[in-house]
Amino acid sequence: MVMTIQNRSSSKNLPLLAGGLFGYAAWAIGSVFFLIPSVSCLTVAPQRQLFDTSPEPWETDDQTAQRVASVVLSAGPDREFDYLVPERLRESVEPGRRVQMPFGAGNRLATGYCVRAEDRPVGARRLKSIQSVIDARSLLSPAMLRLTRWIADYYLCDWATVLDAVTPAAVRVGAGTRRTTLLSVDRETIHRLGELKLPPKQVEVLKALAATGQPMSPGELARAARCTSAPIASLRRKGLLRSRTARIATGQLSAVPPVHEKHLVLNPDQQRALQTILAALNASRHQTVLIHGATGSGKTEVYIQAIQEVIHFGRQAIVLVPEISLTPQTVDRFRRRFGAVAVLHSHLSDAERHWHWQRIAEGAVSVVVGARSAIFAPTPHLGLIVLDEEHEASFKQDNPPRYHARDVALARARAEGVPLVLGSATPSLESWQRAQAGEFALVEMPRRVLDRPLPAVGTIDLRNQRRAGGLSSGAISRPMLSAMSEALQDGGQVILLLNRRGFSTHIQCPACGHVVVCPECDIALTHHRTEDVALCHRCSFTMPAPTACPACGFVGIRYSGLGTQRLEAEVRARFPDRVTLRMDTDTMKAHGSHERALSAFRAGKVQILLGTQMIAKGLDFPNVTLVGVINADTALHLPDFRAAERTFQLVTQVAGRTGRGPKGGRVLVQTFSPEHPAIQAAVRHDYAAFAAGELPMRKMLCYPPFGRMIRLVVRGPVEPVVAETANAIARRIGQSLAERNVEARVLGPAPCPFARLKGRYRYQIQVQGLDGDGLRASVRQAMADFEPSDEAQWNVDVDPVDML
């Protein structure tokens, strides 16, 4: 059964409501709201040529087997094209290398990835020939090529897009290298040295080159032989020196020397988790292990000891952590235990990224630690994959290919027959449900190391505080202020979480009601007082902060709402004798600023640390005795069915930053919704209760983890064109689902919650059902030959995480 809900007439934003069902989607059509549980959810290298040939003539009918390469164009139709491999390129054309070949009627030179090379008859087909090979070696192993094909099929994107994502641009352009001529000499020439009757300088050149045992550039050889370039040029003319071109590093990056530490003694919970992983390792089989460990329970030590076992087998390990948690503290912990660690993150230079990639591919690195894209690390001897904080939304990429690193890690681990370890104090409900169903092995680690207690968590009802006047002068309530004073007087440190940047989040005229919004996004601008600008957090549009209403000229324009800058100003005013530090993307732009800030806090030079979610994860500070959540409701009522889950995760994670030392600690959560189930569960550190309350509603509405979902977003500068294109797509998908007899429901099209971004109107279509394969096949069929207007573009997001 296919149910399609469309809005063809209204251009108003039709939001997903988060009312009584705590964040579950209800669609508004006109003024009527629908909840539609219609589907039963019962359990179920730079482009320079290294090898050149002239284009060969078109082939005639021939049944003899010929070498044929299948090529995927980097920019072109999403399909494979067959090309003949000239005999002189036979050894160099192999899967995983990029090639250049003539394409199209005009035979323009195109670049593509060779994905297959085999001997077979070409029949009557008239095939063109590959002209040159770009890469000196394969960039992608056969296993990685198969993984990229799976990603393209699963996430409904072009294979070339995936191939480009897997091979970093720094690798493709040879960053940190330069092309040079390398000279070598044959042994036979050295043996005949006495017969050649060469001038002394030329003899010295040949001896110097032979002594090194490896090729040298002309400049290096001249320095080694202490001569000019003339003797070298003469030897080349005589044919006594062999030359070739290659890329060499322009500078040598050095590996960080390790400071080895001994293993820590594991407690019974940690030992049980380690034995579960080692059982799969010793059996050389794939198994996914979900470690549900409380914050501070020692999950990282379990990972490290499992990795040590992998290294003893001569294998490599990949450890994925969210970019926000890839702190110097996390990296140092791995470097102190292992000799060779590569760290992959977004702040690496191109030369550094290429250098790490080469060392990983050569097997010189045992452990790879990195963010989302590190799942594509070219490890030739993979033995284990670890995903820490597996619930993090940042593991899902928000531009093509829109893959989720957790699911790609699962696919890679299965294909290569290695264990996958997922760890979190607040697992995603998708992983939790699979563990409950027996698909994943579940290991509980409920106790902290050294049996330290979890911190006590209390709520502060902001409704009562406002009625009592406890918030009249700022964002910090009286109970929170009192707790901060007490913690600081006792020599402890304080962390304050507010997941909103800027100073004021809303600029509005009280005279005419005009709201200052972004002209490109129709989103309220945020006042950043440091620069005194109004900034759009979506497209970075900036304007001077207005002193009067732009619409009516009223000078009493009001700045309201709370951001981290305003919170910082309030904290500094209330605690002038304490050192306060703000950490958000505005203050952490400079290279090394993140590390310097955390080092100062760890050393006790900073007593109060405040910021966005970047301070909520991956930090271990024993002297923190109070964590304050300034507003737990910032994400609770967003039009997103995961809003409650994300709130529970954020509050639980930030609560875990305290109570890690002998002084203990506590957590205070300011909220307008203290009775909300997500807040209540976080206060009790009760993940099982949260999941038990949340999953039945997901099941009733066929949301993940019980149902599968595909979201399509159509965008463009002209709203009627966007709306009509979205309607056409929804009709095609509905027809395709019906033809394939796939039970599903199609919601929309309707404007996205953020209906206009960067000057483009946005409409969304949501396809839900139990049969994920059927949904993907139907959408693929519907969009295969769809040609939208030039003024409308569309994208597909399989298993979406961002619903805005």
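For the structure itself, look to the data block above.
Cut-offs used in this document
Residues numbered from 1 in each chain as written. Predicted model: local features only at pLDDT ≥ 70, side-chain atom pairs only at ≥ 80, totals over all residues. Heavy atoms only, no water. Axes fitted to C-alpha atoms, helices over the stretch in contact; angles between N-to-C directions. Helix = DSSP H or I, 4+ residues; strand = E, 2+ residues; numbered from the N terminus. Parallel < 35°, antiparallel > 145°, perpendicular 65-115°, else oblique. Contact = heavy atoms within 4.5 Å. Nonpolar A, V, L, I, M, F, W, Y, C, P; charged D, E, K, R; others polar. Salt bridge = Lys/Arg side-chain N within 4 Å of Asp/Glu carboxyl O. Buried < 20%, exposed > 50% of the residue type's maximum accessible area, 1.4 Å probe, protein only. Core = buried A, V, L, I, M, F, W, Y, C linked by side-chain atoms within 4.5 Å. Pairing = 2+ DSSP bridges.

Peer 1: Before we go on, may I ask you to explain the packing of helix α19 (residues 643-655) against helix α21 (residues 687-700) in this structure?
Peer 2: Helix-helix packing: each pair is described by the crossing angle between the helix axes and the interaxial distance. Closest axis-to-axis distance for the α19/α21 pair is 11 Å, and the angle between their directions is 170°. With respect to α21, the element α19 is oriented roughly antiparallel. Residues Ala 644, Glu 645 and Phe 648 of α19 form the contact with α21, whose own contacting residues are Tyr 687, Phe 690, Glu 694 and Arg 698. For the contact of α19 with α21, a count of residues per class yields four nonpolar, no polar and three charged.

Peer 1: Mind showing me how you'd approach the pattern of salt bridges here?
Peer 2: Side-chain pairing between opposite charges can occur once the charged atoms of the two side chains come close. Following the criterion strictly, the structure yields 40 salt bridges and no others. Residue Arg 116 pairs with Glu 80 through a salt bridge whose shortest N-O separation is 2.5 Å. Here Arg 116 is found in strand β8 (residues 108-123), whereas its partner Glu 80 is found in strand β6 (residues 80-84), with 36 residues between them in sequence. Owing to a relative accessible area of 27%, Glu 80 belongs among the partly exposed residues under this scheme. For Glu 568, the salt bridge goes to Arg 572, with nearest N and O atoms at 3.0 Å. Of the two residues, Glu 568 and Arg 572 both sit in helix α17 (residues 564-574), four residues apart, roughly one turn of that helix. Among the residues examined, Arg 572 registers a relative accessible area of 40% and is labelled partly exposed. Salt bridges sharing partners connect three or more residues here, namely Glu 80, Asp 82, Arg 116, Glu 118, Arg 120 and Arg 125.

Peer 1: I would appreciate a short explanation of the side chain of Thr 189 in the present structure.
Peer 2: Within the secondary structure, Thr 189 is located in helix α4 (residues 187-191). On the basis of relative accessible area, Thr 189 is assigned to the buried category, the value being 8%. The contacts of Thr 189, once residues within four sequence positions are left out, are Leu 196, Leu 206 and Leu 240.

Peer 1: What's the story with the nonpolar core in this structure? I'm lost.
Peer 2: Buried together is how nonpolar side chains tend to be arranged in soluble globular proteins. Of all hydrophobic cores here, the largest spans 75 residues; its most connected members are Phe 376, Ile 710, Leu 712 and Ile 733. Leu 712 has contacts with Ile 729, Ile 733, Tyr 763, Gln 764, Ile 765, Val 767, Val 779, Met 783, Asn 795 and Val 796, leaving out every residue within four places of it along the chain.

Peer 1: Honestly, the sheet that holds strand β27 (residues 608-611) in this entry has me stumped. Any pointers?
Peer 2: Sheets are built from strands that pair by backbone hydrogen bonding, the pairs being arranged parallel or antiparallel. Taken in spatial order, the six strands of this open sheet run β19-β29-β28-β20-β27-β26, and their pairing is parallel. Pairing within the sheet leaves two strands with one partner each, and these edge strands are β19 (456-461) and β26 (580-583). Between one strand and the next, the sheet's axes are offset by a mean angle of 15°, whatever the strand orientation. For strand β20 (residues 493-497) and strand β28 (residues 624-629), the ladder comprises five bridges, and the chain directions are parallel. In the sheet register, Leu 497 faces β28, and the bridge partner there is Val 629. Seen against the sheet, α17 touches β20, β26 and β27 and runs at an angle of roughly 160° to β27. On the sheet, helix α18 (residues 593-602) packs against β20, β26, β27 and β28 and is oriented at approximately 145° with respect to β26.

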